[in-house]
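# Residue-level structure breakdown
Each chain is listed here by its residues.
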Amino acid sequence: MHGYTDAKDDYLKRLRRVEGQVRGIARMVDEDVYCIDILTQVAAVTKALQAVSIGLVEDHLAHCVVDAARQSPEEGAAKVKEAADAIARLVRS
């Protein structure tokens, strides 16, 4: 079971909302809407995806990393490294 399983429906709801926002942005571009208005919507989508990412990181740390650390120090360290790498990718994006 993955760390996000308990909140899966919430994540799917958020992602569907983001999907709708992205479709709206595409429609705005198609309709030649003012650049700044489009950029405002892009910023909103970016923030929504960041919120999903933070939630997934929290769930991963609370479940996957903790469970691995309980199994052995080596498995715990591997999961911590994996999480740190994922967080670094998020920060760079």
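Everything below is about the structure shown above.
Notes on the structure follow. Owing to the predicted nature of the structure, the values given are computational and were not obtained by experimental measurement.

Rules of the game
- Just so you know, the residues in each chain are numbered from 1, in the order the chain's sequence is written.
- Residue-level local features of this predicted model are given only where pLDDT is at least 70; pairs of side-chain atoms are given and counted only at 80 or more, and the full residue set underlies all totals for whole chains, interfaces and linings.
- Side-chain measures here rest on the full set of heavy atoms in the structure, leaving out hydrogens and waters.
- The way it works is that DSSP assigns letters per residue, a run of H or I at least four long becomes a helix, a run of E at least two long becomes a strand, and they are numbered from the N terminus.
- We compute the radius of gyration from the C-alpha atoms alone; for a globule the expected value is 2.2 Å times N to the 0.38, where N is the number of residues.
- Any carboxyl oxygen of Asp or Glu that lies within 4 Å of a side-chain nitrogen of Lys or Arg is treated as forming a salt bridge with it.
- One less than the residue count of a helix, multiplied by 1.5 Å, gives the span that helix is expected to have.
- Working rule for contacts: check all heavy atoms of both residues, and any pair within 4.5 Å makes them a contact.
- Orientation is described by axes fitted as lines to C-alpha atoms, over the contacting stretch for helices, and by angles from 0 to 180 degrees between their N-to-C directions.
- When an angle is under 35 degrees it counts as roughly parallel; over 145 it counts as roughly antiparallel; between 65 and 115 it counts as roughly perpendicular; any other value is oblique.
- Left-handed describes a crossing whose near helix is turned anticlockwise from the far helix through less than a right angle; right-handed describes the clockwise counterpart.

## Here's the deal with the overall build of the protein chain
Counting its secondary structure elements, the protein chain contains three helices and zero strands. The secondary structure elements of the protein chain, listed N-terminal to C-terminal, are α-α-α. Here the C-alpha atoms of the protein chain give a radius of gyration of 17 Å, more than 25% beyond the 12 Å that 2.2 N^0.38 yields for 93 residues. Dimensions of the protein chain, computed from the C-alpha atoms along their principal axes, are close to 55 × 30 × 15 Å.

## Regarding the pattern of salt bridges
Overall, the coordinates contain four salt bridges when judged by the stated rule. A salt bridge links Glu82 to Lys79, with the nearest nitrogen and oxygen atoms 3.5 Å apart. Of the two residues, Glu82 and Lys79 are both situated in helix H3 (residues 73-92); the distance of three residues between them amounts to about one turn of the helix. Between Lys81 and Asp85 there is a salt bridge, and its shortest N-O distance comes to 2.9 Å. Taken as a pair, Lys81 and Asp85 lie in helix H3 at a separation of four residues, close to a single helical turn.

## Description of helix H1 (residues 8-30)
The terminal C-alpha atoms of H1 lie 33 Å apart, and with 23 residues this matches the ideal 33 Å at 1.5 Å per residue to within 8%. At its buried positions, H1 is contacted by helix H2 (35-71). Looking one or two residues beyond H1, the residue adopting positive phi is Asp32, at roughly 55 degrees.

## Side note on the packing of H2 against H3
The geometry of a pair of packed helices is captured by two quantities: the angle between their axes and the separation between those axes. Across the interface, H2 lies against H3 with an axial gap of 7 Å and an inter-helix angle of 165 degrees. When the axes of H2 and H3 are compared, the pair comes out roughly antiparallel. Where H2 crosses over H3, the two elements pack in a sense that is left-handed. For the pair H2 and H3, the contacting residues are Ser53, Val57, His60, Leu61, Cys64, Val65, Ala68, Ala69 and Gln71 in the first and Pro73, Glu75, Gly76, Lys79, Val80, Glu82, Ala83, Ile87 and Leu90 in the second.

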